[in-house]
Amino acid sequence: MRYIIIGAGAIGATIGGRLAGAGREVVLAARGAHAEALRADGLRLTTADGTRIHRLPVVAGPDELGELRPDDVLLLTVKTQDAVAALDAWGDAEVAGGGTAAQRLPVLCAQNGVESERLALRRFARVYGVCVWLPATFLEPGVVSALCAPLTGILHLGLAAGGADARVRRVAADLEAAGFEAPVVDDVMRWKYAKLLGNLGNAIQATTGPEPAPAKAALLLRARREGEAVLRAAGIAWASAQEEAAAREGKVVPAAEAGVRGGSSWQSLRRGTGSIEADYLNGEVCLLGRLHGIPTPVNETLRHAANIFARQSLPPGAMSIADLTALADEAESRR
């Protein structure tokens, strides 16, 4: 199988580089300065094993590849706000022997949140979910680090609609050969909803900084309680904290030299991308709350604040946790 990484950022480049290092065929899809750096100097990927330069094919879109192959696997790793454009572009690509990628090829949604699978299922016949537990950093073009050990990350895999098949098991085998644990599960979305609850703190980290603090943990707890309330109201199951801990304990441990680094939303602000994924993290909670009559003022505050930071190009961490908490208090009092 050839893996086409659609969005070779922190997650995509780490998975792509590790697969390539294990002898799998990989193509990176990227744009702008990042694509230029990847073409000129290769992907500089640092893991717990050291730094390696991966010189891989780099494309901006499917037109540069020509006809896709029947054994291609599309790994979607763009942020959810960019998913529709990517799915449309790659879904219409022709596959050798007839048909389009949307009709014939599998797409694996390896993103935070739960919306990409729904977007993909509107377009692709074969959609898989990937619950990503892979701390990685991408702050400059062509350079990515993922400094955890003994595993680089854990990637739960399964059909987005539930169940599993032979193809996803083949993908899991390739990922495990590349330094990941890749459990194949029948309920991958249950794991992704659990990850969503943890990702509700991304907006806190992006706006107030990645350094831990009791006030940040307290605000995240309030956001998480709203998230759990709307999932219960919607009848949506999620993996328990105990299940998550058992699945991850001692397997993905950051190296000491990694220091305190921000997650995906913080990195988006740091790179000045102009967008952030809060609408599909905190915004997912707000959506379910509105559908089921559950107030979600804390998540609405976090969603709104993160979007202001992205749209106005404010530096990450420029807000105090006291001010952000005060905004959440005010929103709750209005309710």
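Residues numbered from 1 in each chain as written. Predicted model: local features only at pLDDT ≥ 70, side-chain atom pairs only at ≥ 80, totals over all residues. Heavy atoms only, no water.

## Brief notes about the overall build of the protein
A tally of regular secondary structure across the protein gives 14 helices and 14 strands. Its C-alpha atoms give the protein a radius of gyration of 19 Å, near enough to 20 Å, the size a compact globule of 335 residues would have. In terms of its C-alpha atoms, the protein occupies a principal-axis envelope of roughly 60 × 40 × 40 Å. In the protein, 72% of the contacts between residues at least 6 apart in sequence involve partners at least 24 apart. Split by element, the accessible area of the protein, about 13,800 Å² in all, is 52% carbon and sulfur. A gap of 1 Å separates the mean positions of the 36 positive and 37 negative side-chain charges of the protein. (Helix = DSSP H or I, 4+ residues; strand = E, 2+ residues; numbered from the N terminus. Rg over C-alpha atoms; globule rule 2.2 N^0.38 Å. Contact = heavy atoms within 4.5 Å. Areas by Shrake-Rupley, 256 points an atom, 1.4 Å probe, with all protein chains shown as cover. Lys, Arg positive; Asp, Glu negative; His and termini not counted. Charge placed at Lys NZ, Arg CZ, Asp CG, Glu CD.)

## Examining the nonpolar core
Judged by nonpolar contacts, the single largest core of 39 residues is most densely connected at Leu-28, Leu-157 and Leu-175. Beyond its immediate sequence surroundings of up to four residues, Leu-157 is in contact with Leu-108, Gly-129, Val-130, Val-168, Val-171, Ala-172, Leu-175, Ala-182, Pro-183, Val-184, Val-185 and Val-188. In this structure, Leu-197, Ile-236, Ala-278 and Leu-324 belong to the second largest nonpolar core, which totals 37 residues. (Core = buried A, V, L, I, M, F, W, Y, C linked by side-chain atoms within 4.5 Å. Buried < 20%, exposed > 50% of the residue type's maximum accessible area, 1.4 Å probe, protein only.)

## So, the sheet that holds strand E2 (residues 25–29)
Sheet strands pair by backbone hydrogen bonding; their relative direction is either parallel or antiparallel. One open sheet accounts for eight strands, arranged E5-E2-E1-E6-E7-E8-E12-E13; its pairing is mixed. One side of each edge strand has no neighbouring strand; the edge strands of this open sheet are strand E5 (58–59) and strand E13 (180–181). Where strand E7 (residues 106–109) lies against strand E8 (residues 126–133), four bridges are found, and the strand directions are parallel. Among the inter-strand pairings, Cys-109 is bridged to a residue of E8, identified as Gly-129. Contacting strand E1 (2–6), strand E6 (72–76), E7, E8, strand E12 (153–159) and E13, helix H6 (residues 166–177) crosses the sheet at an angle of about 170 degrees to E12. (Pairing = 2+ DSSP bridges. Axes fitted to C-alpha atoms, helices over the stretch in contact; angles between N-to-C directions.)

## Re the sheet that holds strand E3 (residues 43–47)
Read across the open sheet, the four strands follow the order E4-E3-E10-E9; overall the sheet is mixed. The open sheet terminates on both sides in strands that have one partner only, identified here as strand E4 (50–54) and strand E9 (137–140). Averaged over all adjacent pairs, the angle separating strand axes in this sheet is 20 degrees, with direction ignored. With five bridges connecting them, E3 and E4 associate as antiparallel partners. Its bridge partner being in E4, Thr-46 is matched across the sheet by Thr-51. Helix-sheet contacts for helix H1 (residues 10–21) involve E3, E4, E9 and strand E10 (143–146), and the interaxial angle to E3 is about 85 degrees.

## Observations concerning the side chain of Thr-77
Mapped onto the secondary structure, Thr-77 falls in the loop between E6 and helix H3 (83–91). A distance of 2.5 Å separates a polar side-chain atom of Thr-77 from the backbone oxygen of Gly-7. Not counting the four nearest positions on each side in its chain, Thr-77 is found in contact with Ile-5, Ile-6, Gly-7, Ala-8, Ile-11, Gly-12, Ala-110 and Gln-111. (Polar contact = N/O pair within 3.5 Å; in protein donor to acceptor, adjacent residues only side chain to side chain.)

## What to know about the side chain of Ser-265
In this structure, Ser-265 sits in helix H11 (residues 264–271). Ignoring sequence-local partners within four residues, the contact set of Ser-265 consists of Asn-202, Ala-206, Ile-276, Glu-277 and Leu-281.

## Here we look at the packing of aromatic side chains
Under the criterion given, the structure shown has zero aromatic pairs. The ring of Trp-133 carries Arg-248 above its face, with NZ or CZ at 3.6 Å from the centroid. (Phe/Tyr/Trp six-rings, centres within 6.5 Å; stacked < 30°, edge-to-face > 60°. Lys NZ or Arg CZ within 6 Å of the ring centre and 35° of its normal.)

## Comments concerning the pattern of salt bridges
Side chains that differ in charge, positive against negative, can pair when their charged atoms come close. If you walk through the whole model with that rule in mind, you get 22 salt bridges. Between Arg-118 and Glu-115 there is a salt bridge, with the nearest N and O atoms lying 2.5 Å from each other. With Arg-118 and Glu-115 both in helix H5 (residues 115–121), this residue pair falls three residues apart, about one helical turn. Bridged by salt links that share partners, the residues Arg-2, Glu-25, Arg-69, Asp-71 and Asp-72 form one connected network. (Salt bridge = Lys/Arg side-chain N within 4 Å of Asp/Glu carboxyl O.)

## Some points on the packing of helix H9 (residues 214–234) against helix H14 (residues 321–334)
At their nearest, the axes of H9 and H14 sit 10 Å apart, and the two run at 30 degrees to each other. Accordingly, the angle class assigned to the pair H9 and H14 is roughly parallel. For H9 against H14, the interelement crossing comes out left-handed. Every residue of H14 that contacts H9 at Ala-215, Lys-216, Leu-219, Arg-222 and Glu-226 is listed here: Ile-321, Leu-324, Thr-325, Ala-328, Asp-329 and Glu-332. Looking at the contact of H9 with H14 residue by residue, the classes come out as five nonpolar, one polar and five charged. (Parallel < 35°, antiparallel > 145°, perpendicular 65-115°, else oblique. Left-handed = near helix turned anticlockwise from the far one by under 90°. Nonpolar A, V, L, I, M, F, W, Y, C, P; charged D, E, K, R; others polar.)

## Comments concerning the pairing of E12
Burial analysis of E12 places six of its seven residues in the buried class, which makes it a mostly covered element. One ladder, built from six bridges, connects E8 with E12; its direction is antiparallel. Residue Val-132 lies in a different strand from E12, and its bridge partner there is Leu-155. Where E12 and E13 come together, two bridges link them in parallel fashion. Among the inter-strand pairings, Gly-153 is bridged to a residue of E13, identified as Phe-180. For the crossover that starts at E12, traverses H6 and ends in the parallel E13, the hand is right-handed. (Right-handed = clockwise from strand over helix to strand, strands pointing away.)

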